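# Structure at a glance
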Amino acid sequence: MIQVRTALIVGGGIAGPAAAMALRRAGIDSVVYEAHAVSAEGTGAFLTLAANGVRALRSLGADKPAVAAGFATNAITLWSGTGKRLGAAAVSATLEDGTTGYTLKRADLYQAIYEQAVGQGIRIEHGKRLIGAETTGGGVRAQFADGTNVNGDILIGCDGIYSAVRPIIHPDAPKPAYSGLINVGGYVRGVQVDASPGTYHMVFGKRAFFGYVLAPDGEVWWFANVPEPSEPDRGSLTSVNTSQWRKRLTALFADDAGPATKIIDATSHDLSGSPVHTMPRLPSWHSDRMIVIGDAAHAPSPTSGQGASLAIEDALLLGKSLRDLGPDQAFTVFEQLRRPRVERIIKQAARINNNKAATGATRIARDLLMPVMLPLFLKAIANGKPGKKLYGYQIDWDTPTPSAQK
Ligand SMILES: Cc1cc2nc3c(=O)[nH]c(=O)nc-3n(C[C@H](O)[C@H](O)[C@H](O)COP(=O)(O)OP(=O)(O)OC[C@H]3O[C@@H](n4cnc5c(N)ncnc54)[C@H](O)[C@@H]3O)c2cc1C
């Protein structure tokens, strides 16, 4: 069996440093190459790290700073735009050992994982944008935009939804798919909302979707999903300024019950919008010496609340697989074990997204069916057997990795 000794990890977001920690545990040296000079991009938003993500981070000895940077979030209440309470569900089940889900700023999660990785002795090089990679006799060579090259036994693409590694593995890989939604969000203090800390409130408004959660320190964290059927050109959203966003959002939510307009009006920082993309099914996630994990392989919509958690799970399982098997077998087994889980989660989130992006006749049908269907659907996922599978997922580091199935 060829034993992997060195790995090149491309991308220093969530999957990258987590993979480096998992490889280190498996006795494999790696270096993380991150394109950005200081920290990763697009970190202004917040996210939920579900119980399964916390558990996977714990297996890497890296959960405490992430948990400390956030607040526990267990419940979600759904509202219609008319103010009707549609139902409630768990946002991330609390596991038998008390592990629960947390909401935290994306930037804080990046920072927490980054610091844990550096603390464990991982080298992270910044300003290294991968522009090419090729297999060599016994390994891989990566090329960076600054003109440098590095060699390793394998290359792990952790470079997010707009991955540069993915088209190297599969030149005909599908591009990220536009979900029909623009995401805008922010943080505000001094607004009174009728909500208890740590409970998400989600409003399926008449024209757009609004979500908010009260943090324990009184700050309200919010986001809006605005249906936009045709995909905006790259860069066109950057020309929309804060007062234009505020005007557009308050008009969209003007006829809805709930605190959306009050929250948006009171938000004083800059607002910016970004199109929501997902990564559809790839034919395969790897070649013989290169693999993509995290969003580069399978980005669910943010609606799933699982992107970061899945990226951490991927990192842990890939490390374990490479501990036990040669690269080709390890990549194959990894994909066989991971694919059913991530594709189920992507499908569930896409169903909810379709409800958010509904316009015209679809929206009318949605408004009639959703009060009955959606709470049942969410309840089944969060509180029932599917929820146990989703949040209770566990990677047992100590059991040997099985061989690939033919
Ligand atoms: C608005 C929003 C809300 C979200 N909400 C949630 C949520 O509630 N729960 C949840 O779990 N997830 C959520 N997500 C998704 C979550 O952020 C991602 O799933 C997660 O960050 C994936 O981690 P990753 O490491 O695979 O990719 P990323 O975090 O995107 O990291 C990729 C890294 O690769 C670097 N990179 C890119 N190209 C190159 C290159 N060529 N060379 C070198 N480096 C490169 C990037 O700079 C970046 O640092 C949300 C995402 C968004 C945008």
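Figured I'd write up the structure that's included with this text. Quick caveat: nothing in here was measured; it's all calculated off a predicted structure. (Residues numbered from 1 in each chain as written. Predicted model: local features only at pLDDT ≥ 70, side-chain atom pairs only at ≥ 80, totals over all residues. Heavy atoms only, no water.)

A few words now on the overall build of the protein. Counting secondary structure elements, the protein contains 12 helices and 18 strands. Taken against the 2.2 N^0.38 rule, which gives 22 Å for 406 residues, the C-alpha radius of gyration of the protein at 21 Å falls within 12% of a compact globule. With respect to the principal axes defined by its C-alpha atoms, the protein has extents near 65 × 45 × 40 Å. Among the 406 residues that make up the protein, the fraction classed as buried is 54%. Pairs at least 24 residues apart make up 72% of the contacts formed inside the protein by residues separated by at least 6 positions. In the structure as shown, the protein presents an accessible area of about 17400 Å², 53% of it carried by carbon and sulfur atoms. Positive and negative side-chain charges of the protein, numbering 42 and 35 respectively, have mean locations separated by a distance of 6 Å. (Helix = DSSP H or I, 4+ residues; strand = E, 2+ residues; numbered from the N terminus. Rg over C-alpha atoms; globule rule 2.2 N^0.38 Å. Buried < 20%, exposed > 50% of the residue type's maximum accessible area, 1.4 Å probe, protein only. Contact = heavy atoms within 4.5 Å. Areas by Shrake-Rupley, 256 points an atom, 1.4 Å probe, with all protein chains shown as cover. Lys, Arg positive; Asp, Glu negative; His and termini not counted. Charge placed at Lys NZ, Arg CZ, Asp CG, Glu CD.)

Turning our attention to the site of the ligand. Neighbouring the ligand are 34 residues; A15, E34, Y110, D295 and A308 lie closest to it. Contact between the ligand and A35: a nitrogen atom at 3.1 Å from a main-chain N or O atom of the residue. Protein chains shield 89% of the accessible area of the ligand, which is 1000 Å² for the free molecule. Looking at the shell around the ligand, the elements with two or more residues in it are β2 (29-34), β3 (46-49), α4 (106-119) and α9 (307-324). When residues in the shell around the ligand are grouped by element, the largest group, 4 residues, is from α9. Of the residues belonging to the shell around the ligand, the class tally is 16 nonpolar, 12 polar and 6 charged. (Near = heavy atom within 4 Å. Polar contact = N/O pair within 3.5 Å; in protein donor to acceptor, adjacent residues only side chain to side chain. Nonpolar A, V, L, I, M, F, W, Y, C, P; charged D, E, K, R; others polar.)

Turning our eyes to something else, we now look at the environment of L237. Mapping L237 onto the fold places it in the loop between β16 (220-227) and α6 (242-252). By relative accessible area, which is 12% here, L237 ends up buried. Taking the C-alpha atoms as reference points, L237 and S274, separated by 37 residues in sequence, lie 6.9 Å from one another. Other than its neighbours up to four places away in sequence, L237 contacts I182, P232, W245, G273, S274 and P275.

For the structure on display, the rule yields 19 salt bridges. R248 serves as the salt-bridge partner of E228, at 2.9 Å between the closest nitrogen and oxygen. In this pair, E228 sits in the loop between β16 and α6 while R248 sits in helix α6, placing the two residues 20 residues apart along the sequence. For R248, a relative accessible area of 34% puts it in the partly exposed group. Here E335 makes a salt bridge to R339, at a shortest N to O gap of 2.8 Å. Taken together, the residues span about one helical turn, with E335 and R339 both in helix α10 (residues 327-356) at a distance of 4 residues. Each member of the pair E335 and R339 is classed as buried. (Salt bridge = Lys/Arg side-chain N within 4 Å of Asp/Glu carboxyl O.)

Moving on: the sheet that holds β3. If you walk across this open sheet you meet the 3 strands as β3-β7-β4, and the pairing is antiparallel. In this open sheet, the two strands that pair with only one neighbour each are β3 and β4 (71-72). Where β3 lies against strand β7 (residues 102-105), 4 bridges are found, and the strand directions are antiparallel. Its bridge partner being in β7, L49 is matched across the sheet by Y102. (Pairing = 2+ DSSP bridges.)

With parallel pairing, 5 strands are arranged side by side in an open sheet as β8-β2-β1-β12-β18. Of all strands in the sheet, those bounded by a partner on one side alone are β8 (123-126) and β18 (290-292). Across this sheet, the average inter-strand angle for adjacent strands is 20 degrees, counted without regard to direction. Across 5 bridges, strand β1 (residues 6-10) lies against β2 in parallel orientation. Paired with I9 across the strands is V32, a residue of β2. (Axes fitted to C-alpha atoms, helices over the stretch in contact; angles between N-to-C directions.)

A separate point is the packing of aromatic side chains. Per the stated rule, a full pass over the model turns up 12 aromatic pairs. Judged by centre distance (6.0 Å) and plane angle (40 degrees), the rings of F210 and Y212 are tilted. Residue F210 is classed as buried on the basis of its relative accessible area, which comes to 1%. Overall, Y212 belongs to the buried group, its relative accessible area being 6%. A network of ring pairs unites the aromatic residues F46, F71, Y187, F204, F209, W221 and F223 as a single cluster. Looking at K105, its charged tip hangs above the ring of Y187, at a distance of 4.3 Å from the centre. Taking the ring centre of Y393 as reference, the NZ or CZ of R341 above it sits at 3.9 Å. (Phe/Tyr/Trp six-rings, centres within 6.5 Å; stacked < 30°, edge-to-face > 60°. Lys NZ or Arg CZ within 6 Å of the ring centre and 35° of its normal.)

Relative to each other, helix α1 (residues 15-25) and α9 sit at 30 degrees, their axes nearing to 8 Å. Accordingly, the angle class assigned to the pair α1 and α9 is roughly parallel. For the pair α1 and α9, the crossing hand works out as right-handed. Residue-level contacts link A15, A18, A19, A22 and L23 of α1 to A311, A315, L316, G319 and L322 of α9. (Parallel < 35°, antiparallel > 145°, perpendicular 65-115°, else oblique. Left-handed = near helix turned anticlockwise from the far one by under 90°.)

In terms of nonpolar packing, the biggest core is built from 85 residues, with L109, L155, I156, I293 and L322 touching the most fellow members. The dominant element in this core, judged by the number of residues it contributes, is α9, at 9 residues. In contact with L109, other than residues within four places in its own chain, are I14, L47, L49, A66, L104 and A308. One finds V203, A208, Y212 and W222 within the second-largest nonpolar core, a separate group that totals 25 residues. (Core = buried A, V, L, I, M, F, W, Y, C linked by side-chain atoms within 4.5 Å.)

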